[in-house]
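Reading the structure
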Amino acid sequence: MKIDYSLHNSLLAGAALLLFATIMSSAAAGQANPSKELKATAASATSITITWTSPGDDSLTGTASQYDIRYSTALITAANFATATQVSGEPTPKIAGSSESFTVTGLTPNTLYYFAIKTADEVPNWSGLSNVASISTLDSVPPAAIKNLAVQQ
Ligand SMILES: [Ca+2]
Ligand SMILES: [Ca+2]
């Protein structure tokens, strides 16, 4: 069988260019506004890992002092952030621009959760609300065991 390598190569080049463009636009977005990068990934039926980029003590410079990470099964807004559930054991902020992650445990399976973070410096001066990330925990209920398996005579 003859393979058209020229088509194959141009498709590969196209895919590589698209990937490069995606990475570059993500990086540009990250530099423009690192506080808008909160993401959530379901780790299991009862835990979710969130990731974000650290802001700084003064806007995007220096090292902040604390995070207030909260979650809720309802959409989190600036108005209801204080009533959302606060996690315990938040990480200490790293220097501005660092990758941060935290795993929230003890969640209910197959449930949609929203997450948001505020950051403070040593005063503390509190930041505005991060973007809100949401994802569902995994379903933990398997199909029932089959009870009527039979052999056809
Ligand atoms: Ca300071
Ligand atoms: Ca400050």
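1. Here we look at the overall build of the protein chain
Across its full length, the protein chain holds one helix and seven strands. If you list the helices and strands of the protein chain from N to C, you get α-β-β-β-β-β-β-β. Here the protein chain, with 153 residues, has 18% of them falling under the buried criterion. By sequence separation, contacts in the protein chain at least 24 residues apart represent 69% of the contacts at least 6 residues apart.

2. Quick look at the nonpolar core
Note that soluble globular proteins tend to have their nonpolar side chains buried in a common cluster. Within the largest apolar cluster, 17 residues are counted, with the highest numbers of intra-cluster contacts made by L38, I48, I50, F115 and I117. No other element matches the four residues that strand β6 (residues 112-120) contributes to this core. Sequence-distant contacts of I48, defined by excluding residues within four places in its chain, comprise A40, A42, A43, V104, L107, Y113, I135 and T137.

3. Here's the deal with unusual backbone geometry
In this structure, P124 follows V123 across a cis peptide bond, with omega equal to 5 degrees. Tracing the sequence through the fold places P124 in the loop between β6 and β7 (133-136). Positive phi values are uncommon outside glycine, yet S59 reaches one of about 55 degrees. Within the element layout of this structure, S59 appears in the loop between β2 (48-53) and β3 (66-72). Judged by the 11 C-beta atoms lying within 10 Å of it, S59 falls in the exposed class.

4. Quick word on the sheet that holds strand β4 (residues 85-86)
Backbone-to-backbone hydrogen bonds join strands into a sheet, with any given pair of strands oriented parallel or antiparallel. Across the sheet, which stays open at both edges, the four strands sit in the order β4-β3-β6-β7 with antiparallel pairing between neighbours. What marks the edges here is a single partner per strand, and that holds for β4 and β7.

5. Some thoughts on the sheet that holds strand β5 (residues 99-104)
The strand order across the open sheet built from three strands is β1-β2-β5, with neighbouring strands paired in antiparallel fashion. Looking at which strands have only one partner, the edges of the open sheet turn out to be β1 (39-42) and β5. With direction set aside, neighbouring strand axes in the sheet form an average angle of 20 degrees. Bridge count between β1 and β2: four bridges; the pairing is antiparallel. From the neighbouring strand, A40 faces β2, where its bridge partner is I50.

6. Remarks on the environment of E90
Note on placement: E90 falls in the loop between β4 and β5. The exposure class of E90 is partly exposed, given the 15 C-beta atoms found within 10 Å. With near-sequence residues (within four places) excluded, E90 lies in contact with Q66, Y67, I69 and F102.

7. Comments concerning the environment of K118
With respect to the helices and strands, the residue K118 is situated in strand β6. Residues K118 and A78 lie 40 residues apart in sequence; the distance between their C-alpha atoms is 9.9 Å. With residues near it in sequence (within four places) discarded, K118 still touches D68, F81, W126, S127 and L129.

8. Some words on the confidence of the model for the protein chain
Residue-level pLDDT values for the protein chain average 85, and 76% of them are 70 or greater. Ignoring residues within four places in sequence, the model shows residues 14-35, a span with pLDDT below 50, making nine contacts including any to other chains.

The rules we used
- For every chain, the first residue of the written sequence is number 1, and numbering continues from 1 along that sequence.
- All chains are assigned letters beginning at A, and all ligands numbers beginning at 1, according to the order in which they are written.
- Confidence filtering applies because this is a predicted model: local features only for residues at pLDDT of at least 70, side-chain atom pairs given and counted only at 80 or more, and all residues used for totals across whole chains, interfaces and linings.
- Secondary structure elements are taken from DSSP: a helix is a run of H or I of four residues or more, a strand is a run of E of two residues or more, and numbering for both begins at the N terminus.
- A residue is called partly exposed when the number of other C-beta atoms within 10 Å of its own lies between 12 and 20, exposed at 12 or fewer, and buried at 20 or more, with C-beta atoms placed from the backbone.
- It is the C-beta atoms, placed from the backbone, that decide contacts: two residues are in contact if theirs lie within 7 Å.
- To define a nonpolar core, we join buried Ala, Val, Leu, Ile, Met, Phe, Trp, Tyr and Cys residues through C-beta atoms within 7 Å and take the resulting set.
- Being paired, for any two strands, means DSSP has found at least two bridges between them.
- Fitting a line to C-alpha atoms yields each axis, with helices limited to the stretch in contact; the angle taken between N-to-C directions then spans 0 to 180 degrees.
- The predictor attaches a confidence to each residue, and that confidence, scored 0 to 100, is pLDDT.

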